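Residue-level structural notes
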Amino acid sequence: MDIRTVGVVGAGQMGNGIAHVFALAGYDVLLNDISAEALEKSLALIDRNMERQAARGKITPEEHAAAIARIRTTTALPDLGASDLIIESATERETIKQAIFEDLLPHLQPHTILTSNTSSISITRLASRTDRPERFMGFHFMNPVPVMQLVELIRGIATNEATYKTLLGVVEKLGKTAASSEDFPAFIVNRILMPMINEAVYTLYEGVGNVRSIDQSMKLGANHPMGPLELADFIGLDTCLAIMNVLHDGLADTKYRPCPLLTKYVEAGWLGRKTRRGFYDYRGDEPVPTR
Ligand code: NAD
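Owing to the predicted nature of the structure, the values given are computational and were not obtained by experimental measurement.

Bringing the overall build of the protein chain into the picture now. In terms of helices and strands, the protein chain carries eleven helices and ten strands. Taken against the 2.2 N^0.38 rule, which gives 19 Å for 291 residues, the C-alpha radius of gyration of the protein chain at 19 Å falls within 12% of a compact globule. On the principal axes, the C-alpha backbone points of the protein chain span a range of 55 × 45 × 30 Å. Taking all contacts inside the protein chain whose residues are at least 6 apart in sequence as the whole, residues at least 24 apart take part in 66%. With the model as given, the accessible surface of the protein chain reaches about 13700 Å², and the carbon-plus-sulfur share is 52%. Here the protein chain carries 30 positive and 35 negative side-chain charges, and the mean point of each set is 3 Å from the other.

Written out as structure tokens, the structure reads:
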């Protein structure tokens, strides 16, 4: 199937990266958010990030201008009905995602493929509540989208081969690499990554190390490019907690118990970089550990 117009729901850190790479790859992008301010910020950020890519010689100024011209923003979800492909990338909460798909359904074309960028929620369950479970897939991008090479493709129990092949083609056109995952909680990357981050928070909670020593240990001792707490701040602590809850509920194993300290940071609204405070405080010139 030929995909030309792509609707992106949610203009947060992921939605803006997704709009960025699709526009650069030549797709017309309709970017939606409930917040007009989020849309404004997102478009400005895409422009800045493309400018940086142009300054580094990764794209030409003409490609930058053409890509920006391909992105339209709207707070009206029905406007996305004209899309060939929808990528839902709103807040990681099942009720929110479900309501978005419900609101979209009456406006879609029969051929429109629905996808979710969810990090952990069951694709089969999200798909089952739509009128097209065979044209529904998990389309999981990594953060930051313009930089990260991998895209996880998750087939729900009903997803058909044509939909899967179409998305494989899209990933190729984006210049990225697809990995297929079965639809089980948190798929592949987060099934492995999140318990590691959660364990790092337990290590902090139990006083085995402090923020700096934990991150330094994993960077220098395990050759990770970022420490686990630094990475958690980057992903968003609310997203990390949501994924741990999905693993805990979905696999019913106590080894996925979210660390109470992670819950406390989320309750405080210290969600990481996006709120300028998490395991580090980003309000000054240099990140300062909060513990
Ligand atoms: P975010 O908090 O940065 O952005 C979420 C956006 O969704 C916000 O702008 C919010 O206004 C918007 N939103 C909320 N309800 C909406 C609605 N009903 N309609 C339209 N927009 C709505 O979150 P994020 O980090 O961009 O995560 C988005 C999705 O991507 C989540 O499902 C998350 O699991 C997934 N994801 C996140 C990462 C990561 O590293 N942060 C990586 C891969 C996938």
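For the rest of this paragraph, the subject is the nonpolar core. Val6, Phe22, Leu85, Phe139, Phe141 and Val170 are the most contacted members of the largest nonpolar core, which totals 33 residues. Elements that contribute at least two residues to this core include exactly β1 (5-9), α1 (13-24), β2 (28-32), α2 (36-55), β4 (85-88), β6 (136-141), β7 (150-155) and α6 (161-173). Counting residues per element, this core draws most heavily on α1, which supplies six residues. Apart from the residues lying within four places of it in its own chain, the contact partners of Val170 are Ile3, Phe22, Tyr27 and Phe139. The next biggest cluster of nonpolar side chains, apart from the first, holds 27 residues, and it includes Leu231, Leu247, Tyr265 and Tyr280.

We now examine the pattern of salt bridges. In total, this model carries 13 salt bridges according to the counting rule given. Arg4 is paired through a salt bridge with Asp2; the nearest N and O atoms lie 2.9 Å apart. Accessibility expressed as a relative area gives 55% for Arg4, which makes it exposed. When the shortest N-O distance is used, the salt bridge between Asp281 and Arg283 registers 2.6 Å. Three or more residues are tied together by salt bridges with common partners; here these are Glu88, Glu92 and Lys97.

What follows is about the site of the ligand. Near the ligand, the surroundings consist of 26 residues, among which Met14, Asp33, Glu92, Lys97 and Ser119 are the closest. In this structure, an oxygen atom belonging to the ligand sits 3.0 Å away from a main-chain N or O atom of Gln13. Between an oxygen atom of the ligand and a side-chain N or O atom of Asn117, the distance comes to 3.0 Å. Notes on the ligand: free accessible area 840 Å², of which the protein chains cover 86%. Put simply, the parts of the chain that give the shell around the ligand at least two residues each are α1, α4 (94-104) and β6. Of all the elements, α4 adds the most residues to the shell around the ligand, at three residues. Its residues assigned to classes, the shell around the ligand shows ten nonpolar, twelve polar and four charged. Residue-level mapping places the shell around the ligand at the junction of two domains, with at least three residues from each of domain 1 (5-181) and domain 2 (193-279).

Another aspect to go through is α2. With 20 residues, α2 should cover 28 Å at 1.5 Å per step; its first-to-last C-alpha distance of 29 Å lies within 8% of that length. Next to the buried residues of α2 lie α1, β2, α3 (61-69) and β3 (71-74). Backbone geometry just downstream of α2 places Gly57 in the positive-phi region, at approximately 80 degrees.

A separate point is the domain arrangement of the protein chain. By a widespread convention, an interface's size corresponds to the accessible area lost as its parts come together. Here the protein chain is partitioned into domain 1 (5-181) and domain 2 (193-279). Placing a centre on the C-alpha atoms of domain 1 and another on those of domain 2 gives a separation of 26 Å. On the domain 2 side, the residues contacting the six residues of domain 1 number seven residues. Contact between domain 1 and domain 2 buries roughly 560 Å² in total, counting both sides, with carbon and sulfur atoms accounting for 63%. Broken down residue by residue, the surface that domain 1 buries against domain 2 is led by Gln13, Glu92 and Ser120, which jointly contribute 61%.

This next bit is on the sheet that holds β4. Read from one edge to the other, the open sheet built from eight strands follows the order β3-β2-β1-β4-β5-β6-β7-β8, with strand pairing classed as mixed. At either margin of the open sheet sits one strand with a lone partner, and together these are β3 and β8 (177-182). Shown here is a sheet whose adjacent strand axes are inclined to one another by a mean of 25 degrees, direction ignored. Taken together, the five bridges between β6 and β7 define a ladder with antiparallel strand orientation. Each bridged residue has a counterpart across the sheet, and for Met137 the counterpart in β7 is Arg155.

So, how was this worked out
- Residues numbered from 1 in each chain as written.
- Predicted model: local features only at pLDDT ≥ 70, side-chain atom pairs only at ≥ 80, totals over all residues.
- Heavy atoms only, no water.
- Helix = DSSP H or I, 4+ residues; strand = E, 2+ residues; numbered from the N terminus.
- Rg over C-alpha atoms; globule rule 2.2 N^0.38 Å.
- Contact = heavy atoms within 4.5 Å.
- Areas by Shrake-Rupley, 256 points an atom, 1.4 Å probe, with all protein chains shown as cover.
- Lys, Arg positive; Asp, Glu negative; His and termini not counted.
- Charge placed at Lys NZ, Arg CZ, Asp CG, Glu CD.
- Core = buried A, V, L, I, M, F, W, Y, C linked by side-chain atoms within 4.5 Å.
- Buried < 20%, exposed > 50% of the residue type's maximum accessible area, 1.4 Å probe, protein only.
- Salt bridge = Lys/Arg side-chain N within 4 Å of Asp/Glu carboxyl O.
- Near = heavy atom within 4 Å.
- Polar contact = N/O pair within 3.5 Å; in protein donor to acceptor, adjacent residues only side chain to side chain.
- Nonpolar A, V, L, I, M, F, W, Y, C, P; charged D, E, K, R; others polar.
- Domains from an automatic or database assignment.
- Expected span 1.5 Å × (residues − 1).
- Buried area = accessible area lost by both parts, 1.4 Å probe.
- Pairing = 2+ DSSP bridges.
- Axes fitted to C-alpha atoms, helices over the stretch in contact; angles between N-to-C directions.

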